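# Residue-level structural notes
Below, each chain spelled out in residue letters.
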Protein chains: 2
Amino acid sequence: MTHSEENYIKAIYHLSGGGMHSVPTNAIASQMETQPSSVTDMIKKLSDKEYVLYKKYRGVHLSEKGINTALAIIRKHRLWEVFLAEKLDFNWDEVHDVAEQLEHIKSEKLIDKLDEFLGFPKYDPHGDPIPGKNGELAQRSLKLLSAMRPDEEGICVGVKDSSVSFLKFLDKHNIALGDHIKILDVEEFDESLNIQIESKQLHISKRIATNLFIKPKLV
Amino acid sequence: MTHSEENYIKAIYHLSGGGMHSVPTNAIASQMETQPSSVTDMIKKLSDKEYVLYKKYRGVHLSEKGINTALAIIRKHRLWEVFLAEKLDFNWDEVHDVAEQLEHIKSEKLIDKLDEFLGFPKYDPHGDPIPGKNGELAQRSLKLLSAMRPDEEGICVGVKDSSVSFLKFLDKHNIALGDHIKILDVEEFDESLNIQIESKQLHISKRIATNLFIKPKLV
DNA sequence: ATTAATTTTTAGATTTGTCTAAATATCATA
DNA sequence: TATGATATTTAGACAAATCTAAAAATTAAT
Ligand SMILES: [Mn+2]
Ligand SMILES: [Mn+2]
Ligand SMILES: [Mn+2]
Ligand SMILES: [Mn+2]
C-alpha cells in the first residue's frame, strides 16, 4: 500500500461511518482536497485491489479488507498521538499533523512494542478509541454535552471537533478530558449552558456543547 | 525534499566521507541499487536545488547546504535507532530498517523532543555519533581492533560493518559495545587474534577485527 | 416527462522517479 | 597516441498520482 492509497482508505472509513454506508466521489474529493477525477482514478485502483466495492456513479463502499486496513492505520495514528502527548509533551492540538506522517511507517513490531511501551492505552488524546491489534474498538455510552439536561453530571471524555482552534479554545478555558461536569441550567433563548466544571462555573455556547462528549454519571 | 532526494543526499554523504571528496555516479548507483542513469537524473535535480556541485562526467560533490541536510537526516536516523533500542527493546540488528523510514518524518519539534526524551544521547546503538541540532559531530580517537598490538587494551565502542549478519555474530559470541577488550596475541599466519573480552577469552578472525572500533585505554 | 443542474467519469496532459538501450566521454594500456 | 574497456550521459519509455476540460450519467425542478 502506498501512502496515498492509505490516505484514501482512511478518508473513506471516516466518511462512511466506519464502513457502514457508501460514500460519494465528491465527498472524498472535498475531504482530501483533491479533484473528483483523481478520486475516480484511485477508487478504480482500490477496487481492483479489493479494498472497496465500486459501482460507477453509485459511490464506493469499504470491503471487509478495506475496513481492517483502515483500522490498522487508525490504530497507528492514535498510538502515535498518545506517544507524542504522553512521552514528548506535545499539546493535544499539535499531535495530529505529526501522526498523519507517522501512521504510514510500516513495521508491525514497531507498533506492537509502542503499544506496550505506552501501557496499552484505550483512548487517544482527543478521547477517540484506539483499535486493538485485531481491530476491536472500545465502545462507550456517551452523550454530547448539548444533549444533557440540568442537574445531569458526567466526565468529559472526548471532543467531536478536534480542530486546533477548538482544542486551543478548550485549553484557554481550562476544559480538559477527565474533568467533572455538571449542568446548572440551559438558556432557552440560545441553548447556551451554564455548567460547573471541576470547581469553577462557566457559561458556554451551544456550539461548544455539541462538540464535547460526556460519559454520564450513573445514577 | 522528497524521500528519494533525502536518500540520495544521505548516500552521497556517506560515500564522500562526510562531504570531503567527490563521488562517482556509479558508486551512488550501486549503493542505492539503482541504475546509473537514474542517478544522473537525480543529481541534476539536486544540483539545480544547490545541494550538490556537479560537473558532467566529473562526479558530484556535496555543497555546504547538502552536508547540513545530510547531517539532519542522519541525526534523525540515529536518534530513532536509539529510541527503538532503548525504549522499545529492539535488538541492534533490527533498528536500522525501521529508522530508514522514520528518518523522513518532518517535524523539528518532534526530533528535538525525542532527543530530550532520550537524554541527549551522543551515540547510536552501533556506536556511531549523533549529530547535534546544528550538525556538530562528536569526535573520538578510536582504532580498529585489527590495528592493535598484543597487550593493548580498550573499550569496544562501535562497529564498522553494521550489517544484520555481523551484529548477530557479535551477539552470538557475547561481544557488545562497552566491553573491555585486551589483545593477548596475534597469529602471524592469518592475523587472527586471541583476545580477552570482559572475563572470557576468544579467538577471532582478522575480518572480525577490522570491523570493531576500540577506544584505546590511555596508558 | 422534459429540461436544467449537479455529480461523476473519461480523455488527455503533467510531474516525479524510475528503467533500457544507445551514444558519448573518460580512462587504461599497449 | 591510438584503441579498447569502462564510466557516464542522453533519448525515449513507463507507472503512479495528480490535474483540466469535456463528455456522460444521475438527480432535481419545472
Ligand atoms: Mn488525529
Ligand atoms: Mn486523535
Ligand atoms: Mn542505521
Ligand atoms: Mn546506526
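Rules and cut-offs
Residues numbered from 1 in each chain as written. Chains lettered and ligands numbered in written order. Predicted model: local features only at pLDDT ≥ 70, side-chain atom pairs only at ≥ 80, totals over all residues. Heavy atoms only, no water. Donors = N, O, S within 2.8 Å, 3.2 Å for Na, K, Ca; no water. Helix = DSSP H or I, 4+ residues; strand = E, 2+ residues; numbered from the N terminus. Buried < 20%, exposed > 50% of the residue type's maximum accessible area, 1.4 Å probe, protein only. Near = heavy atom within 4 Å. Polar contact = N/O pair within 3.5 Å; in protein donor to acceptor, adjacent residues only side chain to side chain. Nonpolar A, V, L, I, M, F, W, Y, C, P; charged D, E, K, R; others polar. Pairing = 2+ DSSP bridges. Domains from an automatic or database assignment. Salt bridge = Lys/Arg side-chain N within 4 Å of Asp/Glu carboxyl O.

On to the coordination of the manganese ion (ligand 1). All names here are of chain A. Looking at the manganese ion (ligand 1), the protein donor atoms are H77 (NE2), E81 (OE) and H96 (ND1), and they sit 2.0 to 2.1 Å from it. For the manganese ion (ligand 1), the single-chain donor residues occur in sequence as H-x3-E-x14-H. A gap of 3.5 Å separates the manganese ion (ligand 1) and the manganese ion (ligand 2), which E81 links by coordinating each metal. Pair noted here: E81 is in helix α4 (residues 64-87) and H96 is in helix α5 (residues 95-102), with a separation of 15 residues, a long-range link. Here E81 falls in the buried class, since its relative accessible area comes to 1%.

Another aspect to go through is the protein's contact with DNA strand D. If you check the shell around DNA strand D, you find 21 residues, and the closest are S38 and K45 of chain A together with K44, Y54 and K56 of chain B. For DNA strand D, the fraction of protein-proximal atoms (within 4 Å) that sit in sugar or phosphate groups is 77%. The side chain of T40 of chain B places a nitrogen or oxygen atom 2.8 Å from a phosphate oxygen of DNA strand D. Measuring from a phosphate oxygen of DNA strand D, one finds a side-chain N or O atom of K56 of chain B at 2.5 Å. At the level of elements, α1 (3-15) and α3 (36-48) of chain A together with α2 (25-32) and α3 (36-48) of chain B are the ones that each hand at least two residues to the surface near DNA strand D. For the surface near DNA strand D, a count of residues per class yields 6 nonpolar, 10 polar and 5 charged.

The strand order β3-β8-β4-β5-β6-β7 (chain B) describes an open sheet built from 6 strands, whose pairing is antiparallel. Bordering the open sheet on either side are β3 (143-144) and β7 (200-204) of chain B, each of which pairs with just one other strand.

The manganese ion (ligand 2) binds to the protein through E81 of chain A (OE), D124 of chain A (OD) and H126 of chain A (ND1); the donor distances cover 2.2 to 2.3 Å. For the manganese ion (ligand 2), the donor residues sit on a single chain with the sequence spacing E-x42-D-x1-H.

Here we come to the side chain of S192 of chain B. Mapped onto the fold, S192 of chain B is located in the loop between β5 (180-186) and β6 (193-197). There is a polar contact of 3.1 Å between the side chain of S192 of chain B and the side chain of H203 of chain B.

Right, let's get into the domain arrangement of chain A. Often, the extent of an interface is quoted as the loss of accessible area upon association of its parts. Partitioning chain A into structural domains gives domain 1 (3-62) and domain 2 (143-216). The centre of domain 1 of chain A, based on its C-alpha atoms, is set 34 Å off from the matching centre of domain 2 of chain A.

Quick look at the pattern of salt bridges now. Going through the model one piece at a time under the given rule, you end up with 28 salt bridges over all chains. In this structure, D115 of chain A and R75 of chain A form a salt bridge, with 3.2 Å as the shortest nitrogen-oxygen distance. Here R75 of chain A lies in helix α4 and D115 of chain A lies in helix α6 (residues 108-117), a separation of 40 residues in the sequence. We note that D115 of chain A, like R75 of chain A, is buried. Between E103 of chain B and K10 of chain B there is a salt bridge whose closest N-O contact spans 2.9 Å. Here K10 of chain B lies in helix α1 (residues 3-15) and E103 of chain B lies in the loop between α5 (95-102) and α6 (108-117), a separation of 93 residues in the sequence. Residue K10 of chain B is classed as buried on the basis of its relative accessible area of 9%. One network of salt bridges, with partners in common, ties together R75, E108, D112, D115 and K133 of chain A.

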